[in-house]
Amino acid sequence: MRTTSRCRAIVRMVAAIGVVSIVAACSGNGGAPGGGATGASAAGGYPDKNITFVVPFSAGGPTDTVTRMIAEPMAARLGAKIVVQNVEGAGGTVGAGEVARAEPDGHTVLMHHIGMSTAPALYQNLGYKPLEDFEMVGLVTEVPMTVVARKDFAPATLQDLVTHVKANAGKVTLANAGIGAASHLCGLLFQTAAGVKLQEVPYEGTGPALTDLVGGQVDFMCDQTTNTSGQISAGEVKAYAVTTPERVKSLPDLPTTAEAGLPQLQVSVWHGLYVPAGTPPEAVQKLSEALKVALADQGVVDQMAKLGTAPVPAGDATPQALRAKLEEQLGTWAKVIADAGVKAS
């Protein structure tokens, strides 16, 4: 088949199934981008079909946003198409469970966040073990969180907020994206740091929660900068602080929680890529290499910067770094969740 007809066929297929990118076959070299031996030709057949990236949260949310940022450059590196599939439910455990049970051939990949380390403490019948049922690919990014409120909420500063919620604990509403979501975990830390128990309002995803916050239906919440930067910059919400040791470049006027008087509230939402246990090492290596390439892509760097985050260093986009992070975080959150007395069904 001539290159032009091959390209037309691929374009028709892409239009039909809505995949992320077109394989390098259209470049005219009959294989890998730039004529190099990448993709399936160099991997003993892997990948030999579409790769599915499972996002265990709703479309348009922070984790979904990060996944779609890296999907296209990873697809180009792998010489394959990547389809992003949202499998939401139960704080990310439904999607994670599906990937744990998937064929371990490298064609089903999970993008998960900090919830991978909190699920064992939250769910008594989880159905999978994070350290045993997955192979690690690498860390992707660590996203700061922000404490934000409806724009007409009375407290002006973070310390004012603490004072206000202590005096009005039965009236103030704290929104989150559901048990186990990053916003829920940050909210737990806020309540612990402030020494107060608040009325929590769970939603099915951060999108609906933030929509109601902007609309004034709830009082305040924690959420990732990837989801709040636009609303903060537009003045649609009141922002109190960012939950990391340093200020965020895209929100330079927003103080850290330490600067704002609540240093105990520090948390970032790290994201990582996983595949089912038993996936061939060659496939894991290919995915990790593609991840490094994607995180070095200037377009990805620029997109992340606009949302208040950045790719991890290349040394952290590895199976070893992700495993070490997961092991450390499992211990940290087990104590926090036990102290809070929170359980999910």
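Please refer to the structure placed before this passage.
Just so it is clear, the structure is predicted and the values come from calculations on it, not from any experiment. (Residues numbered from 1 in each chain as written. Predicted model: local features only at pLDDT ≥ 70, side-chain atom pairs only at ≥ 80, totals over all residues. Heavy atoms only, no water.)

Enquirer: Is there a simple way to think about the nonpolar core in this case?
Expert: By size, the foremost hydrophobic cluster in this structure holds 89 residues, and its most contacted members are Ile70, Met74, Phe190 and Phe220. If you tally residues by element for this core, the top one is strand β4 (residues 134–150), at nine residues. Ignoring any residue separated from it by four or fewer positions in sequence, one finds Met74 in contact with Phe53, Ile82, Leu273, Leu287, Ala290, Leu291 and Ala294. Membership of the second largest hydrophobic core comes to 14 residues, among which are Met221, Val237, Leu251 and Leu254. (Core = buried A, V, L, I, M, F, W, Y, C linked by side-chain atoms within 4.5 Å. Buried < 20%, exposed > 50% of the residue type's maximum accessible area, 1.4 Å probe, protein only. Helix = DSSP H or I, 4+ residues; strand = E, 2+ residues; numbered from the N terminus. Contact = heavy atoms within 4.5 Å.)

Enquirer: Explain the packing of helix α4 (residues 115–122) against helix α11 (residues 319–340) here, please?
Expert: Describing two packed helices takes the angle between their axes plus the distance from one axis to the other. Direction vectors running N to C along α4 and α11 enclose 45°, while the axes themselves pass 8 Å from each other. By the angle class used here, α4 and α11 are oblique. As α4 runs across α11, the sense of the crossing is right-handed. Touching Met116, Ser117, Thr118, Pro120, Ala121 and Leu122 of α4 are Leu326, Gln329, Leu330, Trp333, Ala334 and Ile337, all from α11. For the contact of α4 with α11, a count of residues per class yields nine nonpolar, three polar and no charged. (Axes fitted to C-alpha atoms, helices over the stretch in contact; angles between N-to-C directions. Parallel < 35°, antiparallel > 145°, perpendicular 65-115°, else oblique. Left-handed = near helix turned anticlockwise from the far one by under 90°. Nonpolar A, V, L, I, M, F, W, Y, C, P; charged D, E, K, R; others polar.)

Enquirer: Looking at this structure, I do not really get helix α2 (residues 62–78). What am I missing?
Expert: Residues separated by three or four positions in an α-helix point in the same direction, a consequence of the helix having 3.6 residues per turn. Along its 17 residues, α2 runs 24 Å from first to last C-alpha, staying within 8% of the 24 Å computed at 1.5 Å per residue. Along its length, α2 reaches its greatest deviation from straightness, about 35°, at Ala71, and the proline Pro73 lies no more than four positions downstream. Summarising burial for α2: 12 of the 17 residues are buried, a large majority. Here α2 has its buried residues at Pro62, Thr63, Asp64, Val66, Thr67, Met69, Ile70, Ala71, Pro73, Met74, Ala75 and Leu78. Phi for Gly79, located one or two positions after α2, is positive at around 70°. (Expected span 1.5 Å × (residues − 1). Bend = angle between axes of the 7 residues up to and from the residue.)

Enquirer: Explanation requested: the side chain of Ser288 in the structure shown.
Expert: For Ser288, the position within the fold is in helix α9 (residues 281–296). Residues in contact with Ser288, not counting those within four places in the same chain, are Val137, Ala317, Thr318 and Pro319.

Enquirer: Please clarify how the environment of Val84 should be interpreted in this entry.
Expert: Mapped onto the fold, Val84 is located in strand β2 (residues 82–86). For the pair formed by Val84 and Asp64, sequence separation is 20 residues and the distance between their alpha carbons is 8.4 Å.

Enquirer: How should the packing of aromatic side chains be read in this particular structure?
Expert: The way to describe two aromatic rings as a pair is by their centre distance and the angle between their planes. Scanning the model with the defined rule gives three aromatic pairs in all. For the ring pair Tyr128 and Phe134, a centre distance of 5.8 Å and an interplane angle of 90° mean the geometry is edge-to-face. Each of the two residues, Tyr128 as well as Phe134, counts as buried. On the numbers, 5.9 Å between centres and 70° between planes, the contact of Phe134 with Tyr274 is edge-to-face. Here Phe134 is found in strand β4, whereas its partner Tyr274 is found in strand β9 (residues 268–276), with 140 residues between them in sequence. Accessibility expressed as a relative area gives 0% for Tyr274, which makes it buried. (Phe/Tyr/Trp six-rings, centres within 6.5 Å; stacked < 30°, edge-to-face > 60°.)

Enquirer: Help me understand the pattern of salt bridges, please; the structure alone is not making it clear to me.
Expert: When the charged atoms of two side chains lie near each other, side chains of opposite charge can form a pair. Tallied over the full model, the rule gives nine salt bridges. Between Lys129 and Glu132 there is a salt bridge, with its nearest N and O atoms 3.9 Å apart. Residue classification places Lys129 among the partly exposed residues on the basis of a relative accessible area of 49%. Residue classification places Glu132 among the exposed positions, given a relative accessible area of 54%. Within the structure, one salt-bridge network assembled from shared partners comprises Arg150, Asp152 and Asp219. (Salt bridge = Lys/Arg side-chain N within 4 Å of Asp/Glu carboxyl O.)

That's the geometry; what it means functionally is another story.
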